[in-house]
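Descriptive structure summary
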Amino acid sequence: NWNKTLEIFPKLVTEAKNIYLFPNNAATRKVADRASDFYFSPSREKFAFVNTGLPTGRQAPPQVNIYSTQNTNDGIILKAPVEFGDYKISDIIWSNDSKKILFSLSRGTAMRWIVADISQNPPKSFDLTSQLSKLKIRKINWGYNDDTVFISARDPMHADMLFSYNFLNKTLSELISPD
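Basis of the calculations
- Residues numbered from 1 in each chain as written.
- Predicted model: local features only at pLDDT ≥ 70, side-chain atom pairs only at ≥ 80, totals over all residues.
- Heavy atoms only, no water.
- Pairing = 2+ DSSP bridges.
- Helix = DSSP H or I, 4+ residues; strand = E, 2+ residues; numbered from the N terminus.
- Axes fitted to C-alpha atoms, helices over the stretch in contact; angles between N-to-C directions.
- Phe/Tyr/Trp six-rings, centres within 6.5 Å; stacked < 30°, edge-to-face > 60°.
- Buried < 20%, exposed > 50% of the residue type's maximum accessible area, 1.4 Å probe, protein only.
- pLDDT = per-residue confidence, 0-100.

Side note on the sheet that holds strand E7 (residues 110-117)
Sheet strands pair via backbone hydrogen bonds, and the direction of the pair is either parallel or antiparallel. Read from one edge to the other, the open sheet built from four strands follows the order E5-E6-E7-E8, with strand pairing classed as antiparallel. Of all the strands in the sheet, just strand E5 (88-94) and strand E8 (124-127) have a single pairing partner and so form its edges. The mean inter-strand angle of the sheet, taken between neighbouring strand axes irrespective of direction, is 25 degrees. Examined bridge by bridge, E7 and E8 share four bridges and lie antiparallel to one another. Paired with Ile114 across the bridge in E8 is Asp127.

Set out below in structure tokens:
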């Protein structure tokens, strides 16, 4: 138990800086046995993390868990299919409006990019890789509106290229910028 008494005098300023208050016996909630890589949404109302497997050490399909920072309701769990059991999840990127996430599933040199719309119940996932099968994606990031991503890719015939993909009309743009 810690306390500090501050003296206050007439016509003088009393100042206290960097004071953090923590409740006694705060409620805690365990959401995963093995978690890594926390990513907070731009709104700071949600956070996502990678659940790295079962505590028994058995291989489990990778999954992303998403929880609210405001309450203790059950979270959203995005599980990869069983055939992705040996893939790793990384590069979780939140959309600007905090309603979608983009993440990669990788195994060696094989990589898949998944977009999940968590504003829908149940969340809808979309494998962006299937739309970009001929490109070697190097980096993806959200555009200013949350229906578009920009993709830095490499084609065997070209150097680096920049494209955009629109989720509403499911279209890949023409080449925006070669090299």
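Things to note about the sheet that holds strand E1 (residues 35-40)
Read from one edge of the open sheet, four strands run E1-E2-E3-E4, paired in antiparallel fashion. The strands lining the two open edges of the sheet, one partner per strand, are E1 and strand E4 (76-79). If you compare each strand with its neighbour and ignore which way they point, the axes differ by 20 degrees on average. Two strands pair when backbone bridges link them, and strand E2 (residues 46-51) and strand E3 (residues 63-68) are joined in this way by six bridges, in the antiparallel orientation.

Some words on the packing of aromatic side chains
Within the structure shown, the criterion is met by ten aromatic pairs. Aromatic side chains Phe47 and Phe49 sit 6.1 Å apart centroid to centroid with 25 degrees between the ring planes, which places their arrangement in the stacked category. Comparing Phe47 with Phe49 shows no difference in burial state: the two are buried. An aromatic cluster is defined as three or more aromatic residues linked by ring pairs; in this entry it consists of Phe38, Phe40, Phe47, Phe49 and Tyr67.

Re the environment of Ile118
Secondary-structure assignment places Ile118 in the loop between E7 and E8. Expressed as a C-alpha distance, the spacing of Ile118 and Ile66, which sit 52 residues apart in the sequence, is 8.9 Å.

Re unusual backbone geometry
Here the residue pair Asn121 and Pro122 is connected by a cis peptide bond, since its omega of 0 degrees sits within 30 degrees of zero. If you trace the backbone, Pro122 turns up in the loop between E7 and E8. Positive phi outside glycine occurs at Lys11, with the angle close to 60 degrees. Of note, Lys11 is situated in the segment before E1. Residue classification places Lys11 among the exposed positions, given a relative accessible area of 88%. A positive phi angle, near 50 degrees, is found at Lys170, a position not held by glycine. Relative to the helices and strands, Lys170 is located in the loop between strand E11 (160-166) and strand E12 (171-172). Among the residues examined, Lys170 registers a relative accessible area of 52% and is labelled exposed.

Overview of the confidence of the model for the chain
Mean pLDDT for the chain: 79, with 86% of residues reaching 70 or above. At the low end of the mean pLDDT range in the chain sits strand E13 (residues 177-178), at 66; at the high end sits strand E6 (residues 100-107), at 86.

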